[in-house]
Amino acid sequence: MTRVREGLEMLFRTMWKPNSGNDVRFSSLMRRYISASGRSVLDMATKDGELRVFIVSGEVSGDSIGSRLMVSLKKLCPLPIRFSGVGGSMMSRQGLISLFPMEDIAVMGIWELLPHLNKFRLRLKETMEAAFLFQPHVVVTVDSKGFSFRLLKQLRANYSQQGLDGPVHFHYVAPSFWAWKGGEARLKGLAEFVDLVLCILPNEEEVCKSNGLAATFVGHPILEDLLELNLGKDTSPHEWKVERNFEDFRSKNGIPAEATVISLLPGSRLQEVTQMLSIFSNTMELLKDSFPELMSVIHIAPNQHVEKYITGIVHKWPVPAILIPGGLPHLKYDAFSASRVALCTSGTVALEMQLARLPCVVAYRAHLLTEWFIRYKAKISYISLPNILLDSAIIPEALFQACTPSKLASLLMESIHNESLREEQIVAAEKVIRLLYPTERHIKSSLQPDFTDFTPSIIAASTILYYVKH
């Protein structure tokens, strides 16, 4: 892996030199990733002596994606690089001083947003002004489309009104247009203020391009858990799975050998955690008579409000509970390896279960108005990404009014005892992982061996830097 990345770094350093003989070779390679040429900011960045990147994330998953992108940009960029923007604890560890706590804009839903609308508007105005003062060469928004698209639209309008050439706009994680009626039609309007979308799911690139929006598929960032935890293992991407030491985890936490352990992942936003955790608690209450030595592992997202809430109520938990802090993938996957099944709030965590080969049940509740809107506007039958990607109900889902403790307890019992259903989820996980990795569909076979070690973040950073040059 080190050899390959060093080669890519050398290629980029050469690429940034005028009239490089490697330009043709590199352009040929990167043309497979990128579909449009943006306005060049190389001269300005070189003149300024640094590349300024304004980066914004509004939730925990975006914080992880953003932090990894920052690492990759620093690794590949031949100029000094300076960041400003909004992020969480993971992005702060890469040098970002967030304008305000990321949790201030981590709100999802319709009704759920209303109490926070004034704060949301103030934070948007504050972010827009800070971005303009920072004079970035590049703006990257990560997911959080409600906040991100408003920011990018206002920034583009602000620069245009003043007759200035603004920064290049990237949006990382395509909006889930495939999930909503009329979703594709909205893509056309994004091209006015988004220069390039970095897609993390297959087929998104093709649909974006067909609607006039430049896009490239870089792979799903969740695969980087695999690359980090399986470092040194020589396997093809779709065969990777995270294998950890469950005996060590059980020993350190005093878990009896005969205990049944269930991993609980209640979400990353406070609004969903407060709702889902009470349902999960009642579910554990129903299960404890069926499993005399039932234990739960509660995974806490790296969100200060969520951490405070969970630690404040865990003393009332109906069965023994072990708390796993966020941001520690080794510990997280150790806990998965020691678990018999997982109960997850819908989100990226369903993909983590695929990496761990841990059977799971996906749950989701929201405000009644939000649930009604989803029922009315959604055009897909599933809510968890593995089911969506495979177009099959491989993972049991309990949604909306059907998401009750009795329903969840029944699904968990079946997932624990039914070996054929467990095996079906485990086998399907390999198919899901194969779909999430970009090399097989974007790299020619002659180059593929060299690219198996490239992370989605490295590919995303490469794409951004290529776009900046051209």
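Right above here is the structure, for reference.
What follows is about the overall build of the protein chain. Along its length, the protein chain carries 22 helices and twelve strands. Within the protein chain, contacts between residues separated by at least 24 positions form 73% of all contacts whose residues are at least 6 apart in sequence. Within the structure as shown, the protein chain displays about 20,200 Å² of accessible surface, and the carbon and sulfur contribution to it stands at 52%.

So, on to the pattern of salt bridges. Applying the stated criterion across every chain yields a total of 19 salt bridges. In this structure, arginine 123 engages aspartate 104 in a salt bridge whose closest nitrogen and oxygen atoms are separated by 2.6 Å. Residue arginine 123 is found in helix α6 (residues 117-134), and its partner aspartate 104 is found in the loop between α5 (89-92) and α6; the two are separated by 19 residues along the sequence. Classification of aspartate 104 by relative accessible area gives buried; the value is 11%. Of the charged contacts, one joins glutamate 126 and arginine 123 as a salt bridge, the two residues approaching to 2.8 Å between their closest N and O atoms. Of this pair, glutamate 126 and arginine 123 both sit in helix α6, three residues apart, which is roughly one turn of that helix. With relative accessibility at 31%, the residue glutamate 126 sits in the partly exposed group. One network of salt bridges, in which partners are shared, links Arg68, Glu224, Asp225, Lys332 and Glu352.

For the rest of this paragraph, the subject is the sheet that holds strand β6 (residues 215-217). Taken together, six strands build an open sheet; the order of strands is β2-β1-β3-β4-β5-β6 and the sheet is parallel. Sheet topology places β2 (81-86) and β6 at the edges, where each strand pairs with a single neighbour. Across the sheet, the axes of successive neighbouring strands diverge by a mean angle of 20°, strand direction being ignored. The sheet contact formed by strand β4 (residues 168-172) and strand β5 (residues 196-199) spans three bridges and is parallel. Residue pairing for β5: phenylalanine 170 is matched across the bridge by leucine 196. Strand contacts of helix α7 (residues 145-161): β1 (51-57), β3 (138-142) and β4, with the helix running at about 160° to β3, the strand carrying the most contacts. Set on the sheet, helix α22 (residues 456-469) makes contact with β1, β3, β4, β5 and β6; between it and β4 the angle comes to about 165°.

Their axes nearest at 8 Å, the elements helix α12 (residues 270-287) and helix α18 (residues 405-417) cross at an angle of 60°. Classified by the angle their axes make, α12 and α18 are oblique. Viewed along their axes, α12 and α18 form a crossing whose handedness is right-handed. Residues Ile279, Phe280, Asn282, Thr283, Met284, Leu286 and Leu287 of α12 form the contact with α18, whose participating residues are Pro405, Ser406, Leu408, Ala409, Leu412 and Met413. In terms of residue class, the contact of α12 with α18 is built from ten nonpolar, three polar and no charged.

Let's shift gears to helix α15 (residues 349-356). Of all eight residues that make up α15, eight are buried, and the element is covered over most of its length. All of the buried residues along α15 are Val349, Ala350, Leu351, Glu352, Met353, Gln354, Leu355 and Ala356. Phi turns positive one or two residues past the end of α15, at arginine 357, with a value near 55°.

Here we come to the sheet that holds strand β8 (residues 294-299). A sheet is described by the order of its strands in space; here six strands give the open sequence β9-β8-β7-β10-β11-β12, paired in parallel fashion. Taken across any chain shown, the strands that pair with only one partner, and hence form the sheet edges, are β9 (321-324) and β12 (397-399). Strand after strand, the sheet turns through a mean of 20° between neighbouring axes, direction not considered. As paired strands, strand β7 (residues 260-265) and β8 are joined by five bridges and run parallel to one another. What sits directly across from serine 263, in β8, is valine 297.

Further remarks concern the nonpolar core. The biggest cluster of nonpolar side chains holds 63 residues, and the ones touching the most others in it are Leu51, Ile55, Leu69, Val140, Tyr172 and Ile464. When residues of this core are assigned to their parent elements, the largest contribution, eight residues, is made by α22. Those residues in contact with isoleucine 55, other than ones at most four positions away along the chain, are Gly66, Leu69, Met70, Phe83, Ser84, Gly85, Val86, Met91, Leu96, Val140 and Val142. Counting residues in hydrophobic clusters, the runner-up holds 30 residues, among them Val86, Ala130, Leu152 and Val207.

Together, Leu369, Trp372, Phe373 and Tyr376 give the surface a local cluster of nonpolar side chains, amounting to about 430 Å² of exposed area. Within the element layout of this structure, tyrosine 376 appears in helix α16 (residues 368-377).

Quick look at the packing of helix α4 (residues 60-76) against α22 now. The interhelical angle for the contact between α4 and α22, taken along N-to-C directions, is 55°, at an axis separation of 8 Å. Here α4 is positioned oblique relative to α22, judged by the angle of their axes. In this structure, α4 crosses over α22, and the sense of that crossing is right-handed. Seen from α4, the contacting residues are Arg68, Leu69, Ser72, Leu73, Lys75 and Leu76; seen from α22, they are Ser457, Ile458, Ala460, Ala461, Ser462, Ile464 and Leu465. Taken together, the residues of the contact of α4 with α22 sort by class into eight nonpolar, three polar and two charged.

Rules of the game
Every chain is numbered on its own, with residues counted from 1 as its sequence reads. The predicted nature of this model means local features are confined to residues of pLDDT at least 70 and side-chain atom pairs, given and counted, to a pLDDT of 80 or more, with totals for whole chains, interfaces and linings taken over all residues. Excluded from the side-chain calculation are hydrogens and water; included are all heavy atoms of the structure. A helix here means a DSSP run of H or I that spans at least four residues, while a strand means a run of E at least two residues long, and both kinds are numbered starting from the N terminus. Residue contacts follow a heavy-atom distance rule, with two residues in contact if any of their heavy atoms lie within 4.5 Å. Each accessible area is a Shrake-Rupley estimate made with a 1.4 Å probe; only the visible protein chains count as cover when residues are assessed. For this document, the term salt bridge refers to a Lys or Arg side-chain nitrogen within 4 Å of an Asp or Glu carboxyl oxygen. Accessible area is worked out with a 1.4 Å probe on protein chains only. A residue is then buried under 20% of its type maximum, exposed over 50%, and partly exposed in between. Here a strand pair is declared whenever DSSP counts at least two bridges between the two strands. Throughout, an axis means a line fitted to C-alpha atoms (over the contacting stretch in the case of helices), and angles, computed between N-to-C directions, take values from 0 to 180 degrees. For classification purposes, an angle smaller than 35 degrees is called roughly parallel, one larger than 145 roughly antiparallel, one from 65 to 115 roughly perpendicular, and anything else oblique. Crossings are classed by handedness, with left-handed meaning an anticlockwise turn of the near helix from the far one by less than a right angle and right-handed meaning a clockwise turn. Throughout, the ten residues Ala, Val, Leu, Ile, Met, Phe, Trp, Tyr, Cys and Pro are labelled nonpolar, Asp, Glu, Lys and Arg are labelled charged, and all others, Gly among them, are labelled polar. Buried Ala, Val, Leu, Ile, Met, Phe, Trp, Tyr and Cys residues form a nonpolar core when they are joined through side-chain atoms within 4.5 Å. Without a salt bridge and with relative accessible area above 30%, a residue can belong to a patch; like charges are then joined within 9 Å and nonpolar side chains (Val, Leu, Ile, Met, Phe, Trp, Tyr) within 5 Å.

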